[in-house]
Structures are given as structure tokens and as C-alpha cells.
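Each chain is listed here by its residues.
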Protein chains: 2
Amino acid sequence: MSLKQQQEWYEQQQKMHVAVDCIIFGFSEGKLKLLVFKRKLEPLSGKWSLLGSFVRGDEDVKSATGRVLYELTGFKDVFLKELKCYSNVDRDPGQRCISIAHYALIDAEDRTKQIVAGHDAHWFTINELPELVFDHTMMAMDALEALKAEARRQPIGFELLPECFTIPQLQSLYEAIYGKSLDSRNFRKKVNSFNVLLKTNVKDYGSSKKGAYLYRFDEARYNQLVASGYDFVL
Amino acid sequence: MSLKQQQEWYEQQQKMHVAVDCIIFGFSEGKLKLLVFKRKLEPLSGKWSLLGSFVRGDEDVKSATGRVLYELTGFKDVFLKELKCYSNVDRDPGQRCISIAHYALIDAEDRTKQIVAGHDAHWFTINELPELVFDHTMMAMDALEALKAEARRQPIGFELLPECFTIPQLQSLYEAIYGKSLDSRNFRKKVNSFNVLLKTNVKDYGSSKKGAYLYRFDEARYNQLVASGYDFVL
DNA sequence: CCAAAAGTGTTACACGTACACCCATGA
DNA sequence: TCATGGGTGTACGTGTAACACTTTTGG
């Protein structure tokens, strides 16, 4: 096949819109939450929707997700993991459009409140999600499953917490992810066995009179654990 | 935003070619293998390549993968699992083109020999792979990692074997996937504990004088195990 | 009778899991 | 002083991993 023929053949093939959608997980008030936005485009303008965008000609899919996440939340270097490609022929009533979904883990407490207000966005607890446009509800369910599965392979829980956190906070995060309560003694034992926590001398009195010690985590050791594929079952 | 504006906006967005590629795993002669094809298109015509195709307007991504797999190998209802979306801007020197890769598990012994000959294809042992076009080598490496990870979650090993197989065959398959040797007593104990094997009275004398009993697996029990998310660590 | 692969049990150790009480503090 | 959440140790059972010998049969 000549180069010209090849170019013609490429042209014959149907092109498609390629979008990205992002399931944004956060953790606040002891609950696992999802950040969803009021859609600004027809069709279904005004309905709740995941964060999304079309992929530009000069960026790859993950960059596109990172870009739109940055544009709307100001967060950079967010934990982003590819979930799945959604490609049903009629998933978008506008035009043929496939979407590659990623999920993101961010610290919801932090600066997000203003951002949320400024973009018609809202944090919903995962089991109180409103109806979402298109196949976004499916994406959210799939992402939750993936998060559960991933939580036992990697210590991703930390991505959802602020820099300093208490053990009870960490435990309640894992309880929220797994949807069941854990024994605090066994939890501490396990977490300590990984040697990824650095105890500070500071106590957090936010949720008890006695106060709980704040920890930060040991990045080096943490990355080492992730790289070695350690199993993080809690 | 009006419907017209929305349509215009959709149109402004760059469309892309959307392709699928398929990493086809097989198991024969005690080795884990990959089926690769001589590329028939410029650029890089004649080089080794994974099985691929463009996605048509009337099919989703997984269907497209299934279709091209069927067209070239005649296999239907193959185990297919989405791997990852490859979307580097310059991954295809022809045009901007993203590709969603799946991996497939098929019984390599079976009917594939004629097919292979008829399509300029070849089974390569995974650690003797030739150079592949574009980012296909990366896809193959990623697929192997994913297969290893998946093998401990689901009893996918069976997909790669003929209907009847011996325990030593099954063991050597897992040894090939994990890249290490396993203790035969522990292996049998573990496999038996799943109750997915049905012993036949037939022996296979292909690899020993004594002969090894052939087993088939219990579909019902197998599907039940997969559904319950049982951990299949060997 | 020998080589080559199939098949079979037991033991030690690690890890997961269940479980109850004291501590520190603010109200 | 009491209510609330933080923090600690032990005992038991399950599952994993290490280990060697007998059986069958074709050449």
C-alpha cells in the first residue's frame, strides 16, 4: 500500500469526539464523597454531571484530565488513575463521543469550599448521589468499585487526607471506603507494621477531649512500598 | 447555550481516530505466548504488530476488539479485558490516533495453527518478543503485568487451556504467568480447595509414561467464584 | 531396571481476627 | 464525676510455605 493510499484509508475511517470524565473522590465529615458539577452545555444543561472535557489535539488523555481538574479546582499533581473507556454508541445524545474516565483522590477539606461555590459544584456523599447525566452514574459506581479494589493494593487512602491526620481519621476513611467498621487495635497494628507513619508531637482536639496525635506519612518509605507492590489489605 | 450553539461547539472540538489493539495471550509448549501480526499498512508495513483496527461508528470499543479478533482468528466469546487507553500525541506517526488496548486469553493449541499461517501471524514466547511497531511493546508489557495481577484475583488461567487439561499443565501455566516455579503439593491442595475441577477418567499420556488425569472445570462453580470475588492466589 | 513425571501428608510459622480495659480531658 | 473518644496487648485459629518419598510405565 502506497503512502497516498494509506493516507486516504486513514481519512476514510470515522473520527470521533474523545472526551475525558473525572470521578473526584474526597473525604470529609467522616464520609466518602464525590464532587459533581452542574452541566453548562446542552444537552441536559443544568443537570448534575461529572467533571469532563474534550481532549485537545495537543494533549494525551491523562493530561486532558489533569488540565480540566486544574482549571476547575486549582489542584495540581493530583492522584489520577485511569478507570475505563466508555464508548456505547449512543451514550452521548449529541454526537458519537467516547469518554475515558479517570478517578481522582483529593483532600476535600482544604481549599475546595470556595471552588465548589464558584463553579456550581457540590460534594455528595456516595450513597446520596443525585442522578447524573449520560452514563456518569455508571462511571461513579465503577470508580467506587475500583477504589475499593485499589485500596487493598496501594496505600491510596493517604491521598484523601490532609498532610497531617490522626489514626482515627485514617481508620474512618478506610471504613468509609470499605463500607464496614474495623477494629481499632487491629487497624493500628496493621498500619504501624508498614512503617509509613511519622508521629508528630501535635495533637488534634477536633473530635475528642483527650486529643489524638497527628501523623504525617513518610513519602520515601511510602513510595518504596507502592513500588514493591506491597499488599495493603486492611 | 442554545442547541445551535452547542452543536457548533461540538463541531469545533477536534475529532480523532479511535483504534483498538489486542494483546492475545496463549499457552503452548509450557510457555506463555503472544500472537503478533505482520502489519499490512503504511507506515511500518511488514513490521510486527499487535492485532488492531479502527473503531467503526456503529460499534463500541469492546465490540470492535471482538470483531477484529473474530475476523482474524475465528474465535468468538473470547475472554477480553480492557487494559488501558494509549493516547500519546505522536504515538502513531500517521495521524492523531488514540488506541484502547484489550488483552485476550485464548487456547493457543486449538485451531490457531492454520489461522496463524494464513495471516502472517506468529506466536512468540513472551520473553522472546520481536520489536513491535509504535507503542505496542509497551502495551504488551503492561498487559503481562495486568495478567499477573488478574491471575491472583480470578481463575483466568482456565481461559488459556483446552477444555480438558491436567493438573501439571495448569501448574505450568501458572508458573509461566508468575515466572517462578511452584510446589506441586501446595498447588494441588490450593486448586482442590476451590472445588472447580471435575476429574474425568481419562488420562493424558502426552508428557509422561504414567499419565495424568484430565480435568474439566465446573462452569457453574467457577462463575460463582468469580462473582463472589474470591481471591485466587497461587 | 531405570528414568521421568504423577501423585500424596505433615509440620512450623506467620498472620488475621476476636476481644476488654484504662487514660485523658472538657463540660 | 461522668461521658467521650484515644490508646494499648493477648490468645486462638486459619492459611501458607517448606519439605521427601512412592507409584506407574515405556524404553
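Nothing here was measured: the structure is a model prediction, and the numbers come from that model. (Residues numbered from 1 in each chain as written. Chains lettered and ligands numbered in written order. Predicted model: local features only at pLDDT ≥ 70, side-chain atom pairs only at ≥ 80, totals over all residues. Heavy atoms only, no water.)

Novice: Explain the domain arrangement of chain A here, please?
Specialist: Interface size is commonly expressed as the accessible area that is lost once the parts come together. All names here are of chain A. Once the domains are mapped, chain A shows domain 1 (13-152) and domain 2 (161-227). Every contact between the two is made by eight residues of domain 1 and, on the other side, nine residues of domain 2. The junction of domain 1 with domain 2 conceals about 790 Å² of combined surface from both sides, 70% of it contributed by carbon and sulfur atoms. The largest per-residue losses of area from domain 1 upon contact with domain 2 belong to Phe27, Lys148 and Ala151, which jointly make up 52% of the total buried on that side. (Domains from an automatic or database assignment. Contact = heavy atoms within 4.5 Å. Buried area = accessible area lost by both parts, 1.4 Å probe.)

Novice: So what exactly am I meant to see when it comes to unusual backbone geometry here?
Specialist: With glycine set apart, most residues show a phi of negative sign, and most peptide bonds adopt trans. With a phi angle near 55°, asparagine 195 of chain A is a residue other than glycine that sits in the positive phi range. Turning to its location among the elements, asparagine 195 of chain A is positioned in the loop between helix 6 (184-193) and strand 9 (197-204). At aspartate 120 of chain B, a residue that is not glycine, the phi angle is positive and equals roughly 55°. Tracing the chain through its elements places aspartate 120 of chain B in the loop between helix 3 (112-118) and strand 7 (121-125). (Helix = DSSP H or I, 4+ residues; strand = E, 2+ residues; numbered from the N terminus.)

Novice: What am I meant to see in the interface of chain B and chain A here?
Specialist: Across the boundary between the two partners, chain B contributes 37 residues, which contact 37 residues of chain A. Taken together, both faces of the contact between chain B and chain A bury some 3,600 Å²; the carbon and sulfur share is 57%. Viewed at the interface, chain A and chain B are joined by 13 residue pairs in polar contact (both at pLDDT 80 or more). Mapped by element, the contributors of at least two residues to the side of chain B that touches chain A are helix 1 (3-12), strand 1 (15-28), strand 5 (79-86) and strand 6 (97-105) of chain B. Classifying every residue of the side of chain B that touches chain A by side-chain character gives 14 nonpolar, nine polar and 14 charged. Bridge analysis of strand 1 (residues 15-28) of chain A against strand 1 of chain B gives three bridges, and the strand direction is antiparallel. Looking across to strand 1 of chain B, one finds that methionine 16 of chain A is bridged to methionine 16 of chain B. (Polar contact = N/O pair within 3.5 Å; in protein donor to acceptor, adjacent residues only side chain to side chain. Nonpolar A, V, L, I, M, F, W, Y, C, P; charged D, E, K, R; others polar. Pairing = 2+ DSSP bridges.)

Novice: Got a minute to help me understand the pattern of salt bridges in this structure?
Specialist: Pairing is possible between side chains of opposite charge, provided their charged atoms come close. What the rule picks out here adds up to 18 salt bridges over all chains. In this structure, the salt-bridge partner of glutamate 150 of chain A is lysine 81 of chain A, at a minimum N-O distance of 3.7 Å. One end of the pair, glutamate 150 of chain A, is in helix 4 (residues 136-151); the other, lysine 81 of chain A, is in strand 5 (residues 79-86), with 69 residues separating them in the sequence. Here arginine 91 of chain B and aspartate 135 of chain B are joined by a salt bridge, their closest N and O atoms 2.7 Å apart. You can see arginine 91 of chain B sitting in the loop between strand 5 and strand 6 and its partner aspartate 135 of chain B sitting in the loop between strand 7 and helix 4 (136-151), a full 44 residues away along the chain. By relative accessible area, aspartate 135 of chain B is classed as buried at 15%. Salt bridges sharing partners connect three or more residues here, namely Arg56, Glu59, Arg67 and Glu71 of chain A. (Salt bridge = Lys/Arg side-chain N within 4 Å of Asp/Glu carboxyl O. Buried < 20%, exposed > 50% of the residue type's maximum accessible area, 1.4 Å probe, protein only.)

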